[in-house]
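Structural overview for review
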Amino acid sequence: MASTAPIAPLPTLPKKHYLNDGTTVASWLLTRDHKRIALLYLVAVTVFFVIGGLFAVLVRLELATPAGDLLSDDSYNKVFTMHGVMMVFFFLIPAIPGTLGNFLIPIMIGAKDLAFPKLNLASWYIFMIGATFGTYSVLNGGLDTGWTFYTPFSTVASTSAVVPAALGVFINGFSSILTGLNFIVTIHRMRAPGMTWFRLPLFVWSHYATSLIMVLGTPVLAITVVLVAAERIFSFGIFDANRGGDPVLFQHLFWFYSHPAVYIMVLPAMGVMSELVAASCRKPVFGYTFVAFASLAIAIIGFFVWGHHMFVAGQSVYAALIFSILSFLVAVPSAVKVFNWTATMYKGAVSWQTPTLYAIGFIGLFTIGGLTGLFLSSVGLDIHLTDTYFIVAHFHYIMVGGTIMGYLGGIHFWWPKMTGRMYNELLAKISAALIFFGFNLTFFPQFVVGYLGMPRRYHAYPPEFQMLNVLSSAGASILAVGYALPLSYLIYSLKYGKVAGNNPWGAVGLEWTTTSPPPTANFEETPLVTWDAYEYPARVEGHVA
Amino acid sequence: MSPETSAAAEHHHHPALAHHFDSLAEQNEAATLGMWVFLVTEVLFFGGALMAYSIYRSWYPGAFASASHHLDVTLGAVNTAVLIVSSLTMAMAVHAAQLGERGKLKAFLLITMVLGATFLVVKGFEYHEKYVEHHIPGLGLPFDYSAEPQFAATAQIFFSIYFVLTGLHALHMIVGLGIMTWMYIWAANGTIDKDYSSPIEISGLYWHFVDIVWIFLFPLLYLIGRHASGAH
Ligand SMILES: [Cu+2]
């Protein structure tokens, strides 16, 4: 390399990197390279996002008019159920850990790969098998239980394809467990010399916390699904009220996993956020230790709040009281994170690149999602709002406003590292703006219409709610354009994008010290780490401060 | 010694060492930690079903005690003994692997597998007995609890949980037998040696775990209300 040239040479792609190390189909489908497996996940979750999105289109089309005219009530039940199942289990849960987590964790800690590369590949295949069952249930009559599979409807009443869908969720759970296991062992045992726990990027901390939930929560979902399947296939009677069983027990077991699952979706996005905020302000994340421990606090407290989904399901007043208090408590570490990101940005020289737009969007949307979560933690208010569109708006602000903003922000931030090329910045900014605007237009009216009393999960509604629903459907169409754009310009950039160079953002972090795309072994030689995670601006490679 | 292994020995590079680890010791530690994390997952997997068990047992103590008396304690106790001995032979296999004694390793693995298979055969007899006595609460089979009609409904919950828990446990035993077969092949073809005994140790962790699950299941399912006078 001509480092003595008078003018800085244009960056070039490295000769040998993980993308051209083997070009056959088998070199992709049998790869053990965590970076290639990350791309396999990227393709897969994009497909399921599109499928889930198409169901959302049907929902918004149906709700554009008060009458149930486009879909019958039964078809509508299936459409919103499949939207939920596809998005939750086959997109939101694997999206960030599977793609960005897989790609970045080994590089960020200075390792050559995850601890168990074959297991990592197996996780992807298990995910695909689970998703195949999920898709099979769509094609084979669909599922109409809602993504929550509530008993006794799911066990005795529903005539739809409960068993294949449940099997899909069960199998997919193992993919999640094995990914979490792989991350935990990797973060414990594979860190480069000098990479102490408190030098880890916060992305790694939040994935560690996520992995704990995957490993501790997912098996409970697995056994719950087994019990439902045993009841449905063998007509065993564990939740069967006719034999003295308790359908509400199902709800306890289900939410024991499914509340923490929200953190499986949002903690990785928070990890992305910490990286984006630090890089876009060129400042260390304010209160590193607090942000790191906030991830663990969220993971731990998150296991003790599940009862807030059951305030109207007949639990004791005292249980409701305790679950309510704990639900307020779990908001504290989330708020700590939001405050610390804003404090990092305060008086920072913020660069207005696409990832920054997503980061700021995340802070706005996640804050609204979090604050409306506090409404729902208050037992009295929750009883009014349960099963209304207020709930729908709330969790979309967390799952879409939080997770998808984090996911897309992260994809845009690390795209040059993953592919070696830049995307069209103008289009990317336009799409980020469309997503932010479209999202708010879709979901903010749902808070209002829910507060006014419109219940969720019906294909028809009273005419006075039409105005707000039309706004929501209009927003959804803007959102759809916003999501379609990245798909096109990112693919376009693979061939025609400008070559990015090792560190296009001037960011710190081990991933920016290696080539873009990185070599198969990630680094020429194992790095020796003698610095903290966010030593801005001192440690920016290739940038003179 | 084949030319490959001697070349590897010259570079102090064990054939089992994966490219992304610096040493076999590091690799073994990672694998061991991985198995422990997996076993934590398993605890929560069985934990969910045991949660259901606890709630229903506290709601329906009479039905649970009554239904528990229909299980065959003798066969259950025999199976408990079989598994405890198999844990011992598994531990001996690990010991033999660490010392690099291939013959003993193979023998102990084989005994462990025979004991595991014995357990499953006995379990099969017990399941058959339930079928004959009409104590299977589903599959479209007749369920007969006419001797104590007041428990006819809730006893089905006990038997549902019984079949789920013991069925999942048996499934884990079958997986364990598969792992042991795999380890036997590795022991026989020399993949396992003194420096690379960790696959046996890790398989052993799994085997012990499955045994321990049974140690919990046996009293929880078979011995309800059998203490003191033994009265119902
Ligand atoms: Cu919740």
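Rules used throughout
Residues numbered from 1 in each chain as written. Chains lettered and ligands numbered in written order. Predicted model: local features only at pLDDT ≥ 70, side-chain atom pairs only at ≥ 80, totals over all residues. Heavy atoms only, no water. Helix = DSSP H or I, 4+ residues; strand = E, 2+ residues; numbered from the N terminus. Rg over C-alpha atoms; globule rule 2.2 N^0.38 Å. Buried < 20%, exposed > 50% of the residue type's maximum accessible area, 1.4 Å probe, protein only. Contact = heavy atoms within 4.5 Å. Axes fitted to C-alpha atoms, helices over the stretch in contact; angles between N-to-C directions. Parallel < 35°, antiparallel > 145°, perpendicular 65-115°, else oblique. Left-handed = near helix turned anticlockwise from the far one by under 90°. Phe/Tyr/Trp six-rings, centres within 6.5 Å; stacked < 30°, edge-to-face > 60°. Core = buried A, V, L, I, M, F, W, Y, C linked by side-chain atoms within 4.5 Å. Buried area = accessible area lost by both parts, 1.4 Å probe. Salt bridge = Lys/Arg side-chain N within 4 Å of Asp/Glu carboxyl O. Nonpolar A, V, L, I, M, F, W, Y, C, P; charged D, E, K, R; others polar. Donors = N, O, S within 2.8 Å, 3.2 Å for Na, K, Ca; no water. pLDDT = per-residue confidence, 0-100. Patch = residues over 30% accessible without salt bridge, like charges linked within 9 Å, V, L, I, M, F, W, Y side chains within 5 Å. Areas by Shrake-Rupley, 256 points an atom, 1.4 Å probe, with all protein chains shown as cover. Expected span 1.5 Å × (residues − 1). Polar contact = N/O pair within 3.5 Å; in protein donor to acceptor, adjacent residues only side chain to side chain.

The subject of this paragraph is the overall build of chain A. Secondary structure assignment for chain A yields 15 helices and 0 strands. The C-alpha radius of gyration of chain A comes to 23 Å, within 12% of the 24 Å expected for a compact globule of 545 residues. For chain A, with 545 residues in total, the buried portion stands at 60%. Expressed as a percentage of contacts within chain A between residues at least 6 apart in sequence, the contacts between residues at least 24 apart total 82%.

All names here are of chain A. Two numbers describe how helix α14 (residues 425-451) lies on helix α15 (residues 466-496): the axes approach to 7 Å, and their chain directions differ by 155°. Viewed along their axes, α14 and α15 adopt a mutual orientation that is roughly antiparallel. Relative to α15, the crossing made by α14 is left-handed.

Let us look at the packing of aromatic side chains. Under the counting rule described, the total for this entry stands at 60 aromatic pairs over all chains. Here the aromatic rings of Y76(A) and F80(A) are separated by 5.6 Å at their centres, their planes lie at 65°, and the arrangement is edge-to-face. Here Y76(A) and its partner F80(A) are both found in helix α3 (residues 73-108), 4 residues apart, which amounts to about one turn of the helix. Residues Y76(A) and F80(A) agree in their burial class; the two are buried. Every member of this aromatic cluster is reached through a ring pair, and the members are F234(A), F236(A), F119(B), Y127(B), Y162(B), F163(B), W214(B), F218(B) and Y222(B).

So, about the nonpolar core. Grouped burial of nonpolar side chains is what soluble globular proteins tend to show. Residues and elements named next belong to chain A. Grouped together as the largest cluster of nonpolar side chains are 248 residues, with contacts concentrated most on F89 and W414. For this core, the leading source of residues is helix α8 (residues 247-281), giving 22 residues. Those residues in contact with F89 that sit more than four places away from it in its chain are G84, P94, F127, W147, F149, V169, N172, L221 and Y257.

Our focus in this paragraph is the interface of chain A and chain B. Facing 37 residues of chain A, the contacting portion of chain B comprises 36 residues. It is R189(A), F236(A) and R243(A) that lose the most area in chain A upon contact with chain B, and together they represent 20% of the buried surface on that side. Our count for the contact surface shared by chain A and chain B stands at 1 salt bridge. Residues R189(A) and E29(B) are paired through a salt bridge, measuring 2.6 Å at the closest nitrogen-oxygen approach. Per-element tally for the side of chain A that touches chain B: the top contributor is helix α7 (residues 202-234) of chain A, with 10 residues.

Moving on to the packing of α3(A) against α8(A). Residue and element names in this part refer to chain A. Two elements in contact, α3 and α8, have axes separated by 10 Å at closest approach and are oriented at 40°. The pairing of α3 with α8 is recorded here as oblique in orientation. Handedness of the α3/α8 crossing: left-handed. Within the contact between the two elements, α3 uses V88, F89, L92, I93, I96, P97, L100 and M108 and α8 uses Y257, A261, I264, M265, P268, A269, V272 and E275. Here the contact of α3 with α8 is built from residues that sort into 15 nonpolar, no polar and 1 charged.

Attention shifts here to the coordination of the copper ion. Each donor-metal-donor angle would ideally measure 109.5 degrees in four-coordinate tetrahedral geometry, or 90 or 180 degrees in six-coordinate octahedral geometry. H259(A) (ND1), H308(A) (NE2) and H309(A) (NE2) make up the full set of protein donors to the copper ion, lying at 1.8 to 2.0 Å. Look at H308(A) and you get buried, because its relative accessible area is 16%.

Residue and element names in this part refer to chain B. Under the defined criterion, the tally for this structure stands at 10 salt bridges over all chains. For E101, the salt bridge is made with K104, and the minimal N-O distance between the two is 3.2 Å. Overall, the relative accessible area of 29% leaves E101 in the partly exposed class. The exposure class assigned to K104 is partly exposed, which follows from its relative accessible area of 48%. Between E129 and K130 there is a salt bridge whose closest N-O contact spans 3.9 Å. What makes K130 buried here is its relative accessible area of 2%.

What follows concerns the environment of F153(A). Residues and elements named next belong to chain A. Among the secondary structure elements, F153 is positioned in helix α5 (residues 153-157). Classification of F153 by relative accessible area gives partly exposed; the value is 36%. For F153, the contacting residues outside a window of four places in its chain are D144, T145 and S158.

Residue and element names in this part refer to chain B. With 92% of its residues at a pLDDT of at least 70, chain B reaches an overall mean of 90. Within the model, the stretch residues 1-10 combines pLDDT values under 50 with 2 contacts to residues more than four positions away or in other chains. We note a pTM of 0.93 for the whole complex and an ipTM of 0.92 for its interfaces.

What follows deals with a nonpolar patch on the surface. All names here are of chain A. A grouping of V50, L54, V57, L61, L70, L487, I491 and L494 is seen on the molecular surface, where their side chains present a nonpolar patch of about 720 Å² in accessible area. Among the elements of the structure, α2 (34-62) and α15 are those that each provide at least two residues to the nonpolar patch. Among the elements that line the nonpolar patch, the one with the most residues is α2, at 4 residues. Here L54 shows up in helix α2. By relative accessible area, which is 54% here, L54 ends up exposed.

Attention now moves to helix α4 (residues 117-139) of chain A. All names here are of chain A. Counted at 1.5 Å a residue, the expected span for α4 with its 23 residues is 33 Å, and the 33 Å between its end C-alpha atoms agrees. Those residues of α4 lying buried are P117, N120, L121, S123, W124, F127, G130, A131, G134 and S137. Tucked into the core, α4 has its buried residues touching α1 (25-29), α2, α3 and α6 (162-189). G141 occupies a position one or two residues after α4 and carries a positive phi of about 100°.

Moving on: unusual backbone geometry. In this model, T151(A) is joined to P152(A) through a cis peptide bond whose omega is 0°. For the peptide bond that leads from S516(A) to P517(A), omega is -10°, which places it in the cis range. Along the chain, the position of P517(A) falls in the segment after α15. Look at H134(B): it is not a glycine, yet its phi comes out positive at around 60°.

Our focus in this paragraph is the environment of T210(A). Residue and element names in this part refer to chain A. The topology assignment puts T210 in helix α7. The class for T210 is buried, based on a relative accessible area of 1%. Taking the C-alpha atoms as reference, T210 lies 19 Å from G409; in sequence the two are 199 residues apart. Among all residues touching T210, those that are not within four sequence positions of it are Y263, I264, L267 and P268. Of the polar contacts made by the side chain of T210, one reaches the backbone oxygen of S206; its length is 2.6 Å.

Let's shift gears to the side chain of S175(A). Following the sequence through the fold, S175(A) ends up in helix α6. Polar contacts involving the side chain of S175(A) include one to the main-chain carbonyl oxygen of S123(A), which spans 3.0 Å.

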